[in-house]
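# Working through the structure, step by step
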Amino acid sequence: MPLLLARIDDRFIHGQVTVGWCRKLEPDHIVLCNDEIAADPWQRRVYASSVPPRIRVWVRDRAGAAALLGGGAEALPADEGVVLLTGGPGDMLDLARRGVPLPAVNVGGMHIGGGKRELLESVYVDRGDVANLRALLAAGSRLTAQTVPGTRVVEIDRALLDALEEAR
Amino acid sequence: MLCGLVVTHGGIGKELVRVVELVLGPVPGLAAMTNSGKSVQDLIDEIRAWTAANCGAPGDGLLLFIDDFGGSCANAAQIAAVGGAPARVLTGINLAMLLDFVTWRDTLGLDELPRRLVEKGRDAITALGPVQEG
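Attention in this report is confined to the structure presented alongside it. (Residues numbered from 1 in each chain as written. Chains lettered and ligands numbered in written order. Predicted model: local features only at pLDDT ≥ 70, side-chain atom pairs only at ≥ 80, totals over all residues. Heavy atoms only, no water.)

Let us now look at the interface of chain A and chain B. Counting from both sides, the interface comprises 13 residues of chain A and, opposite them, 15 residues of chain B. Summed over both sides, the interface of chain A with chain B buries roughly 1200 Å², with 54% coming from carbon and sulfur. Counting the surface chain A buries against chain B, the share from its top three residues, Arg11, Trp42 and Val46 of chain A, is 42%. Where chain A touches chain B, the interface holds zero salt bridges. For the interface between chain A and chain B, the tally reads five residue pairs in polar contact (both at pLDDT 80 or more). A per-element tally of the side of chain A that touches chain B places helix H3 (residues 41–48) of chain A first, with four residues. When its residues are assigned to classes, the side of chain A that touches chain B shows five nonpolar, six polar and two charged. (Contact = heavy atoms within 4.5 Å. Buried area = accessible area lost by both parts, 1.4 Å probe. Salt bridge = Lys/Arg side-chain N within 4 Å of Asp/Glu carboxyl O. Polar contact = N/O pair within 3.5 Å; in protein donor to acceptor, adjacent residues only side chain to side chain. Helix = DSSP H or I, 4+ residues; strand = E, 2+ residues; numbered from the N terminus. Nonpolar A, V, L, I, M, F, W, Y, C, P; charged D, E, K, R; others polar.)

Here it is as structure tokens:
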């Protein structure tokens, strides 16, 4: 179950993922981790139908996603590549705490919302997001922002998060 | 009335609606929305708010026009289409399709109109041959 990409993106499955990343990484599976979407059959169907047919989509809540990505009986086959998507850093941190190895996390898209501030272009955060990103760093994940392969990679490190909070 | 909401990447939808209104004059119940800077949930909320404000009378219906299948616009539209006014989602919008929507929306219902629009939209996609002389 090589994890080819772990990505935070509040659009989940969309062009940057299907056209950008999947064309480059050629995953066998996309695991979309989100409790609300997993609980809604129609939303599950919408996301499952928006990928190239070769790729299998698994929409799961946190526990279900961790089971697919862990080492247990429900884990996806060892020789098949996986792209993991969460809508925010909180779900990604939860998966890390459930034992999913996440050496690198791509911060793809966190869009403008109430009370959020611009960390980078296409990455807007509130205090909770910053705390979760810090916790991911502390847990050993390297965080980078990159929209699609071949574009600029920006390191999200403690210094960048400190600078944002100092500017508050 | 059947309302139309064009949901696209960037400014595509806004320009399509502007051009339709250049041709036909102001069109009530037709608007455009962009996904720029928005999460899927933002876009779902915005579509639902517009629909409630503009398409909430008994007998109203909604056509959601999307530029491309499989993106955040199409995903948001399909999710937002459930639970409000009766709605259909069409992808691959072009100018012919949108002009035909305005022309036929008072005549055809929510089930017949999408079929016609898909046909007209496809008809408008064509490779023009060399100009014949004489």
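Turning to the pairing of strand E8 (residues 142–145) of chain A, a few remarks are in order. Residue and element names in this part refer to chain A. Pairing geometry for strand E5 (residues 104–109) and E8, over four bridges, is parallel. Bridge pairing links Val105 to Leu143 in E8. In this structure, E8 lies alongside strand E9 (residues 154–155), joined through two bridges in antiparallel fashion. Residue pairing across strands places Ala145 opposite Val154, the latter belonging to E9. (Pairing = 2+ DSSP bridges.)

This part covers the pairing of strand E3 (residues 61–66) of chain B. Residue and element names in this part refer to chain B. Counting buried residues along E3, six of its six residues qualify, which places the element largely inside the surrounding structure. Judged by which residues are buried, E3 turns out to be covered on both faces: Gly61, Leu63 and Phe65 on one side and Leu62, Leu64 and Ile66 on the other are all buried. Here strand E1 (residues 2–8) runs beside E3; their pairing, made up of six bridges, is parallel. Residue pairing for E3: Val6 is matched across the bridge by Phe65. Taken together, the five bridges between E3 and strand E4 (residues 87–91) define a ladder with parallel strand orientation. Each residue of the ladder has a partner; that of Phe65, found in E4, is Leu90. (Buried < 20%, exposed > 50% of the residue type's maximum accessible area, 1.4 Å probe, protein only.)

These values are about where atoms sit, not about what they do.
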